[in-house]
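# Chain and residue survey
The residues making up each chain are set out below.
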Amino acid sequence: MKKIPDFAEYYSNTMNKTFSFLLFLFISTFAFAQKNKPNIIVIYADDLGYGDVSAYKKGTLSTPNIDKLANGGIRFTNGYSTSATCTPSRLALLTGNYPWKNDKAKVLPGDAPLLIDTSLITVPKMLKKSGYQTAVVGKWHLGIGKGAIDWNKELSFSPNDVGFDYSYIMAATTDRVPTVYIENRKVVGIEESDPIFVNYDKNFSGEPTALTNPELMTRQKWHHGHNYSVHFGIPRIGYQKGGKTALWNDEEMSDVFLEKSLNFIENNKKQPFFLFYALHQPHVPRTPHPRFAGKSGMGPRGDVILEADWCVGEILKKLEAEGIDKNTLIIFSSDNGPVLNDGYYDEAVEKLGNHTPAGGLRGGKYSLYEAGTRVPFLAYWKGTIKPQVSDAMVCQMDFLSSFAALVGQQVPLTDSQNLLNAFLGKTKKGRSNLVIESSTRLAFRSGDWVMIPPYKGAAVAKEVNVELGNSIDYQLYNLKSDLGEKNNLAKSNPKKVEQMVNDMKQIVGDKYNFNAHPLELK
Ligand code: NG6
Ligand code: CA
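Residues numbered from 1 in each chain as written. Chains lettered and ligands numbered in written order. Predicted model: local features only at pLDDT ≥ 70, side-chain atom pairs only at ≥ 80, totals over all residues. Heavy atoms only, no water.

## Quick notes on the overall build of the protein chain
Along the backbone of the protein chain there are 10 helices and 26 strands. For 522 residues, the compact-globule formula gives about 24 Å, and the C-alpha radius of gyration of the protein chain, at 25 Å, lands near that figure. For the protein chain, the proportion of its 522 residues judged to be buried stands at 58%. Relative to all contacts within the protein chain whose residues are 6 or more apart in sequence, the contacts with residues 24 or more apart total 72%. Roughly 21800 Å² of accessible area belongs to the protein chain as shown, and the carbon and sulfur atoms make up 53% of that amount. Within the protein chain, the 54 negative side-chain charges are centred at a point lying 6 Å from the centre of the 60 positive side-chain charges. (Helix = DSSP H or I, 4+ residues; strand = E, 2+ residues; numbered from the N terminus. Rg over C-alpha atoms; globule rule 2.2 N^0.38 Å. Buried < 20%, exposed > 50% of the residue type's maximum accessible area, 1.4 Å probe, protein only. Contact = heavy atoms within 4.5 Å. Areas by Shrake-Rupley, 256 points an atom, 1.4 Å probe, with all protein chains shown as cover. Lys, Arg positive; Asp, Glu negative; His and termini not counted. Charge placed at Lys NZ, Arg CZ, Asp CG, Glu CD.)

## Structural notes on the nonpolar core
Counting residues in each nonpolar core, the largest one holds 110 residues, and the members touching the most others are W140, F276, F332 and F403. For this core, the leading source of residues is helix α6 (residues 300-321), giving 8 residues. In contact with F403, not counting residues within four places along its chain, are I40, V42, V123, M126, L127, L329 and I331. If you look at the next biggest cluster of nonpolar residues, it comprises 32 residues, including L442, M451, A490 and M500. (Core = buried A, V, L, I, M, F, W, Y, C linked by side-chain atoms within 4.5 Å.)

## Quick notes on the confidence of the model for the protein chain
Residue-level pLDDT values for the protein chain average 94, and 93% of them are 70 or greater. Across residues 1-5, confidence stays below pLDDT 50; counting only partners more than four residues off in sequence or on other chains, it has 2 contacts. When the criterion is pLDDT under 50, residues 27-32 qualifies, and its contacts beyond four places in sequence or with other chains add up to 0 contacts. (pLDDT = per-residue confidence, 0-100.)

## Overview of the domain arrangement of the protein chain
In terms of domain boundaries, the protein chain breaks down into domain 1 (37-198 + 241-428) and domain 2 (435-516). Taken together, the contacts link 29 residues of domain 1 with 28 residues of domain 2. At the boundary of domain 1 with domain 2, total buried surface from both sides reaches about 2500 Å², with 57% on carbon and sulfur atoms. Its largest share of buried area at the contact with domain 2, domain 1 owes to W100, L368 and Y369, together 35% of the area lost on that side. On inspection of domain 1 and its partner domain 2, the count reaches 2 salt bridges. We note a salt bridge from D103 to K511, for which the minimum N-O separation is 3.3 Å. Along the lines of polarity and charge, the residues of the side of domain 1 that touches domain 2 split into 12 nonpolar, 10 polar and 7 charged. (Domains from an automatic or database assignment. Buried area = accessible area lost by both parts, 1.4 Å probe. Salt bridge = Lys/Arg side-chain N within 4 Å of Asp/Glu carboxyl O. Nonpolar A, V, L, I, M, F, W, Y, C, P; charged D, E, K, R; others polar.)

## Examining the pairing of strand β8 (residues 196-199)
Working note: regular strand, side chains alternate between the two faces of the sheet. Side-chain alternation along β8 places I196 and V198 on a buried face and F197 and N199 on a face that remains uncovered. Alignment of β8 against strand β12 (residues 239-242), held across 4 bridges, turns out to be antiparallel. Residue N199 lies in a different strand from β12, and its bridge partner there is Y239. (Pairing = 2+ DSSP bridges.)

## Points about the coordination of the calcium ion (ligand 2)
With distances of 2.2 to 2.7 Å, the protein atoms coordinating the calcium ion (ligand 2) are D46 (OD), D47 (OD), D335 (OD), D335 (OD) and N336 (OD1). Coordination at the calcium ion (ligand 2) is irregular: its 6 donor atoms span angles of 51 to 171° at the metal. Between consecutive donor residues of the calcium ion (ligand 2), the sequence gaps follow D-D-x287-D-N. (Donors = N, O, S within 2.8 Å, 3.2 Å for Na, K, Ca; no water. Tetrahedral: all angles 85-135°; square planar, octahedral: opposite > 155°, others 65-115°.)

## Thoughts on the pattern of salt bridges
Within this structure, the stated rule accounts for 26 salt bridges. The residue E266 makes a salt bridge to K318 at a minimum N-O spacing of 2.4 Å. Here the residue E266 occupies a position in helix α5 (residues 253-267), and K318 occupies one in helix α6, the gap between them amounting to 52 residues. Overall, K318 belongs to the buried group, its relative accessible area being 16%. Ionic pairing is found between D325 and K382, a salt bridge with its closest N-O pair at 3.1 Å. Taken as a pair, D325 in the loop between α6 and β14 (328-334) and K382 in the loop between β16 (377-380) and β17 (388-390) lie far apart in primary sequence, 57 residues in all. Judged by its relative accessible area of 31%, K382 is partly exposed. One network of salt bridges, in which partners are shared, links D46, R90, K139 and D335.

## Description of the packing of aromatic side chains
Pairs of aromatic rings are described using the distance from one ring centre to the other and the angle between the two planes. For the structure shown, the criterion picks out 22 aromatic pairs. Geometrically, the ring pair formed by F197 and F204 is tilted, given 6.5 Å between the ring centres and 50° between the ring planes. Its relative accessible area of 19% is what places F204 among the buried residues. Measuring from ring centre to ring centre gives 6.3 Å for Y369 and Y477, while their planes differ by 70°; the resulting arrangement is edge-to-face. (Phe/Tyr/Trp six-rings, centres within 6.5 Å; stacked < 30°, edge-to-face > 60°.)

## Some remarks on the sheet that holds β14
Across the sheet, which stays open at both edges, the 10 strands sit in the order β7-β6-β5-β4-β13-β1-β14-β16-β2-β17 with mixed pairing between neighbours. Strand pairing shows two members of the sheet lacking a second neighbour, β7 (186-187) and β17, which therefore form its edges. Relative to strand β13 (residues 273-278), strand β1 (residues 39-45) runs parallel, the two being bridged by 5 bridges. Pairing of I40 across the sheet is with F274, part of β13. Together, β2 (74-76), β14 and β16 form the strand contacts of helix α2 (residues 64-72), whose direction differs from that of β16 by roughly 70°. (Axes fitted to C-alpha atoms, helices over the stretch in contact; angles between N-to-C directions.)

## Some words on the packing of α5 against α6
The contact between α5 and α6 brings their axes to 11 Å, and the two run at 15°. The angle between α5 and α6 falls in the class roughly parallel. Of the two possible hands of crossing, α5 and α6 adopt the one that is right-handed. Here S254, D255, L258, S261, L262, I265 and E266 of α5 come into contact with α6, specifically with E307, W310, C311, E314, I315, K318 and L319. (Parallel < 35°, antiparallel > 145°, perpendicular 65-115°, else oblique. Left-handed = near helix turned anticlockwise from the far one by under 90°.)

## Considering the packing of α2 against α6
Two elements in contact, α2 and α6, have axes whose closest approach is 6 Å; the angle formed by their N-to-C orientations is 55°. Accordingly, the angle class assigned to the pair α2 and α6 is oblique. Each of P64, N65, I66, K68 and L69 in α2 lies in contact with α6, whose residues at this interface are D309, W310, V312, G313 and L316.

## Details of unusual backbone geometry
In the segment running from Q281 into P282, the intervening peptide bond is cis, with an omega of -5°. Examined against the element boundaries, P282 turns out to sit in the loop between β13 and α6. Backbone geometry at D47 places phi at a positive 75°, although glycine is not the residue there. With respect to the element layout, D47 can be found in the loop between β1 and α2. Notably, F232 is not glycine yet its phi reads approximately 60°, a positive angle. Mapped onto the elements of the fold, F232 is located in the loop between β10 (230-231) and β11 (234-235).

Structural data, given as C-alpha cells:
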C-alpha cells in the first residue's frame, strides 16, 4: 500500500521541488540574460592603422593587449570605418547611417553644434531600451549645443541628449580648443572667477598665439595648420582664452579617460552596460605620459600606441577582477587609417624605421584607398566567441542593427546591417558591398573589388604626404589578388566598372553627377 506522507514530509518534498524548480529558473534566466545582454564595450582608437596592431602586422611595434583581443576573439581582415576621417565615422557608428547623407558630417571644429539629430535612434538609445546603462568616455567630435556656446554654463545638446547616461569627453580633438574635459553637461573644473571663451574665427584681443609668441611652444611645434592658441606648450586649432583651472594636462589624458572608464565599469558591473571608450591615441598632438615616453623608439606616435595598448590591458584586467569578463563583448576598432605628419613636428616620419602603419594597404587617413577606412577590427567575448580570423566584410555602421539583434530590440531601417552572426564568429558572411567616404568623395567596395570614380584634386595630400585616391581616370582593383591596389584594371575590365558604378548609384542616388568626368557633387 502506498504510504501516505504526513504533512511535514509532503510539505518538505513539495518545497524541495519548488525550490529546485525556482533555482533552475533563476539560473537559466540569469544565463539567458547574460548571453543576451552582455556588457558591450567599444574601444575606438583615433587614427590607428591596420598595420599598427601587431596581430595584423608583426613589425617593430608590439601591442600585446590588443593582440589578446585579436588572438582570443575574431580578427576581421575586412573591417571598415565608413570614412577616412573622424566625425563621419563616429556619426555612422552611433546612428547606423551613411555619414555622407548628412552634408554637415565633416571634420568639425570644437564649437560645432551637435551633429546627431536628437530624434534619431542611436546605439546607446537602443541599448537603453534593453536596460543598459550607457557611457561615452574620451573623444567625442560630434558637436555640442546648437549655436553659440557659453562653455561656463550648463551645456545643452551634449552626448547625454543622444542616449548616453554618462559622458566624460573632450569636445572635438586634442588639437582643437577648448582644451577642457566635459562631464555630462559641465566643463570640469571651471571657476566663475575665470571663465573660458572659445572662438574659431577671431582671436581675443591681447591673447598670444603660436604666431605672435612662438616661444610658448615648449613641447611641440606646428608643421602645418595648428598655429592658433597655445596650451601646455602645444599650439592648437582655434582660439581660447581663460579657464585656467579647467585646462587639461595632455600627458595625463590617457590616465584620466581610463580612470573614468574603470569607474563606470565598477559602478555598473551588476547590470548590463554599454561603454564607448573613445581613445584619443594616436591622433596629434601625441603626448605620452612620461611612463611611456621614449618606450617605442619610434617617437611619440609609437609611444602613445603603447600607452593605448596598456589601457586596453587595464580594461581587460578590470573585467576579470570583477568577474564579468565572460559576460562582456568587446569590440576594438579605429575611426580611420593612419597618418604620420598630421600637423606637428613630432618625429613620426623620422623615427618610423621599418614599421608599416598601413600594414601593406595603400594610402592612409584622408584616403579613398584601402588604408583610409580598412582598420583594425576585433570582436572578443571570452567563452562565447571562438578565436578565429574572419574575412567577412563588416563596418562599424553595422553595430546598431547587430547589437539590436543581440539584445532583442527592433530598430528602424537604416544603412546598418544585422551582421550579428559575423560579429559572433558564427559565419564568415558579411556585407556584400560598402560605400566608403573621404571628404565628400565616395568609393565603392563590392565583393573582392573596389571602384574609385574619377575625382579632381591632388593625387597626394601635400603636407601629410598621403595618397588621396584622386585620379582623372576610373580606378578598379581586385583586392583579393592585389591588396596594395597597384594594378588599375579599369581599362581592361570596363564591364566591371560599369556594373559597379550602377550598383553604387543605387545606393548613393543622385548625390553625384555620374555623367561628369571627373565626378561632381550635385
Ligand atoms: C585636420 C587637421 C588634422 C586633424 C584632422 C582631424 C590641420 C592642418 N589638420 O584638419 O591635424 O586634426 O583635421 O582628424 O588642421 S580626425 O581624426 O579628427 O578626423
Ligand atoms: Ca581620427
